[in-house]
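# Results of the structural survey
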Amino acid sequence: MLLLNGSVFMPSVLTLIGIPGLQSVQCWIGIPFCVMYVIAVIGNSLILGIIRYERSLHKPMYIFLAMLGATDIALSTCILPKMLGIFWFHLPEISFAACLLQMWLIHSFQAIESGILLAMALDRYVAICDPLRHTTIFSQQLLTHIGIGVTLRAAILIGPSIMLIKCRLKLYQTTVISHSYCEHMAVVKLAIEDVRINKIYGLFVAFSILGFDIIFITLSYIQIFLTVFQLPQKEARFKAFNTCIAHICVFLQFYLLAFFSFFTHRFGSHIPPYVHILLSNLYLLVPPFLNPIVYGVKTKQIRDHVLKMFFSKEHLDH
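Residues numbered from 1 in each chain as written. Predicted model: local features only at pLDDT ≥ 70, side-chain atom pairs only at ≥ 80, totals over all residues. Heavy atoms only, no water.

As annotated in an unreviewed UniProt entry, the chain carries the name Olfactory receptor and comes from Acinonyx jubatus. Its UniProt record gives the chain the following Function (unreviewed entry) comment, quoted word for word: "Putative odorant or sperm cell receptor." Recorded in UniProt under Sequence similarities (unreviewed entry), the annotation for the chain is "Belongs to the G-protein coupled receptor 1 family." (UniProt positions renumbered as here; feature names shortened; annotations may be inferred.)

In structure tokens form, the structure reads like this:
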């Protein structure tokens, strides 16, 4: 690491300060974050286990749910251990290479989650609007291709944003990141050089992934609602709509938090920094925490297997 006129050339270590303005209470903020993380890991692992061992749940809807659960565990694990290290053990340093890796993993898993939500919407669309062809369309081969496709899309689109930082940005005004994890814009803003290309590419990735997915999810649900409301029986309408409720809840909380965090970070200059950082943290922690709860409550098959598992254990204990 070389110092040039107060700037830093190619820093080897960066410092994450946590939540700017709330450092004195970070140890307390870490407690609900840790609870959310533990519930997220246990809840998603439970859903993964049930889907893995219950053959009747080896259907597209539940396989996508398993993909979502695995992504949620990975996403929250990318940020929370390091974040708690900052909050509780005063370990703010992170190597530059580890910071870029964390950034790539976080943004990749966000993109994968968005892709899985799109796949789930298309699955519901075919199941309700063209039920006779659902099994034919959503074959095991297609599910594998979707899994590989959303993962490759994320890795390939996020990769250049990391390379643009590594190859273009050499001089940094500071090595202190005003954030609790390595977020793309938080790192880019440290550089002295022209960062317009980095910002433009970041926006391109956000809109080409989140924008694309939201448009197609919305179109799928418009078509689903039109089909559902044309069904003659009230019971059939309710049953069809009920299969979509959990996904709608998950979809809304993921994208509303995403856009709220995204726009406050870029255009909310008058909003205190700790609000930005708290929103960014919640955006990554709330969906993994809420998803298994939403699906556990709203999906009868998952709920029944969870109850059977716990109550059969109690019965055996007695």
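So that's the structure; there's more coming.
Next up on the list: the overall build of the chain. Summing up its helical and strand segments, the chain has 10 helices and six strands in all. The C-alpha atoms of the chain give a radius of gyration of 22 Å, which matches the 20 Å a tight globule of 318 residues would have. If you line up the chain on its principal axes, its C-alpha atoms span 75 × 50 × 35 Å. Expressed as a percentage of its 318 residues, the buried residues of the chain come to 49%. (Helix = DSSP H or I, 4+ residues; strand = E, 2+ residues; numbered from the N terminus. Rg over C-alpha atoms; globule rule 2.2 N^0.38 Å. Buried < 20%, exposed > 50% of the residue type's maximum accessible area, 1.4 Å probe, protein only.)

Of note in this structure, Met10 is not a glycine but carries a positive phi near 45°. One non-glycine residue, His90, lies in the positive phi region at around 50°. Position of His90 among the secondary structure elements: in the loop between helix H2 (60–89) and strand E4 (93–95).

If you want to describe how two helices pack, look at the angle between their axes and the distance between the axes. Taken N-terminus to C-terminus, the directions of H2 and helix H5 (residues 140–168) make an angle of 25°; their axes are 11 Å apart at the nearest point. Viewed along their axes, H2 and H5 adopt a mutual orientation that is roughly parallel. In this structure, H2 crosses over H5, and the sense of that crossing is right-handed. Across the interface between the two elements, Pro60, Ile63, Phe64 and Met67 from H2 touch Gln140, Leu143, Ile146 and Gly147 from H5. The class makeup of the residues in the contact of H2 with H5 is six nonpolar, two polar and no charged. (Axes fitted to C-alpha atoms, helices over the stretch in contact; angles between N-to-C directions. Parallel < 35°, antiparallel > 145°, perpendicular 65-115°, else oblique. Left-handed = near helix turned anticlockwise from the far one by under 90°. Contact = heavy atoms within 4.5 Å. Nonpolar A, V, L, I, M, F, W, Y, C, P; charged D, E, K, R; others polar.)

So, about the pattern of salt bridges. When their charged atoms lie close together, side chains carrying opposite charge are able to pair. Counted under the stated rule, the structure contains four salt bridges. Of the charged contacts, one joins Arg124 and Asp123 as a salt bridge, the two residues approaching to 3.0 Å between their closest N and O atoms. For the pair Arg124 and Asp123, a shared accessibility class is recorded, and that class is buried. With a closest N to O distance of 3.1 Å, Arg196 and Asp194 form a salt bridge. A relative accessible area of 40% means that Asp194 is categorised as partly exposed. (Salt bridge = Lys/Arg side-chain N within 4 Å of Asp/Glu carboxyl O.)

Right, let's get into the nonpolar core. Considering soluble globular proteins, one finds that nonpolar side chains tend to be buried as a cluster. In terms of nonpolar packing, the biggest core is built from 94 residues, with Leu65, Ile165 and Ile177 touching the most fellow members. The element that contributes the greatest number of residues to this core is helix H3 (residues 96–129), accounting for 16 residues. Apart from the residues within four sequence positions on either side, Ile177 is in contact with Leu14, Thr15, Leu16, Ile17, Cys99, Cys182, Ala186, Val187 and Leu190. (Core = buried A, V, L, I, M, F, W, Y, C linked by side-chain atoms within 4.5 Å.)

What follows deals with the packing of H3 against helix H9 (residues 273–298). Where H3 contacts H9, the two axes come as close as 12 Å, and the packing angle between them is 35°. For the element pair H3 and H9, the recorded crossing hand is left-handed. Residues Ile106, Gln110, Glu113 and Met120 of H3 form the contact with H9, whose participating residues are Tyr283, Leu284, Pro287, Asn291 and Tyr295. Tallied by class, residues from the contact of H3 with H9 come to six nonpolar, two polar and one charged.

Scored by pLDDT, the chain has a mean of 88; 94% of the residues are at 70 or more. Looking at the elements of the chain, mean pLDDT is at its lowest for strand E1 (residues 2–4), recorded as 62, and at its highest for E4, recorded as 95. (pLDDT = per-residue confidence, 0-100.)

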